[in-house]
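# Structural overview
Here is what each chain is made of, one letter per residue.
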Amino acid sequence: MSDPKLTAGEKAQVAWYVARMAKRSVASETVHMRDLERKIERIIDGAQQRAEKNGKQR
């Protein structure tokens, strides 16, 4: 399935988490980032659910 459309707020959140991941990777290459990856996945999952819900209503 293709990536769902994200709202402006969701895009901002994803950008924030990616920036935090970049900051952590600068600090150390072996740093744990799974918590931020899960947050991004949760945002994308919510957008997919919203897209499916909106698709069914039309």
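Everything below is about the structure shown above.
Presented here is an overview of the structure given in this document. (Residues numbered from 1 in each chain as written. Predicted model: local features only at pLDDT ≥ 70, side-chain atom pairs only at ≥ 80, totals over all residues. Heavy atoms only, no water.)

### What to know about the environment of Trp16
- Mapped onto the secondary structure, Trp16 falls in helix 1 (residues 8–27).
- Relative accessible area serves as the criterion here: at 54%, Trp16 is assigned to the exposed category.
- Remark: the alpha-carbon pair of Trp16 and Leu36, spanning 20 residues in sequence, is separated by 9.9 Å. (Helix = DSSP H or I, 4+ residues; strand = E, 2+ residues; numbered from the N terminus. Buried < 20%, exposed > 50% of the residue type's maximum accessible area, 1.4 Å probe, protein only.)

### With respect to the environment of Ser25
- For Ser25, the position within the fold is in helix 1.
- On the basis of relative accessible area, Ser25 is assigned to the partly exposed category, the value being 32%.
- In the structure, Ser25 is positioned 19 residues away from Ile44 in sequence and 22 Å away in space, judged by C-alpha atoms.
- Excluding its chain neighbours within four sequence positions, the residues that come into contact with Ser25 are Val31 and Met33. (Contact = heavy atoms within 4.5 Å.)

### Brief notes about the nonpolar core
- The biggest cluster of nonpolar side chains holds seven residues, and these are Val14, Tyr17, Met21, Met33, Leu36, Ile40 and Ile43.
- Broken down by secondary-structure element, the contributors of at least two residues to this core are helix 1 and helix 2 (34–57).
- Excluding anything up to four places from it in sequence, Ile40 contacts Val14, Tyr17, Val18 and Met21. (Core = buried A, V, L, I, M, F, W, Y, C linked by side-chain atoms within 4.5 Å.)

### A word on the pattern of salt bridges
- Counted according to the given criterion, the structure contains four salt bridges.
- Of the charged contacts in the structure, one is a salt bridge between Glu10 and Arg50, with a shortest N-O distance of 2.8 Å. Of the two residues, Glu10 sits in helix 1 while Arg50 sits in helix 2, which places them 40 residues apart along the sequence.
- Exposure remark for Arg50: the relative accessible area of 29% places this residue in the partly exposed category.
- Notably, a salt bridge pairs Glu41 with Arg34, separated by 3.1 Å at the nearest N-O pair.
- A relative accessible area of 37% means that Glu41 is categorised as partly exposed.
- Arg34 sits in the partly exposed class, given a relative accessible area of 32%.
- Ionic contacts of the salt-bridge type, sharing partners, join the residues Arg34, Glu37 and Glu41 into one network. (Salt bridge = Lys/Arg side-chain N within 4 Å of Asp/Glu carboxyl O.)

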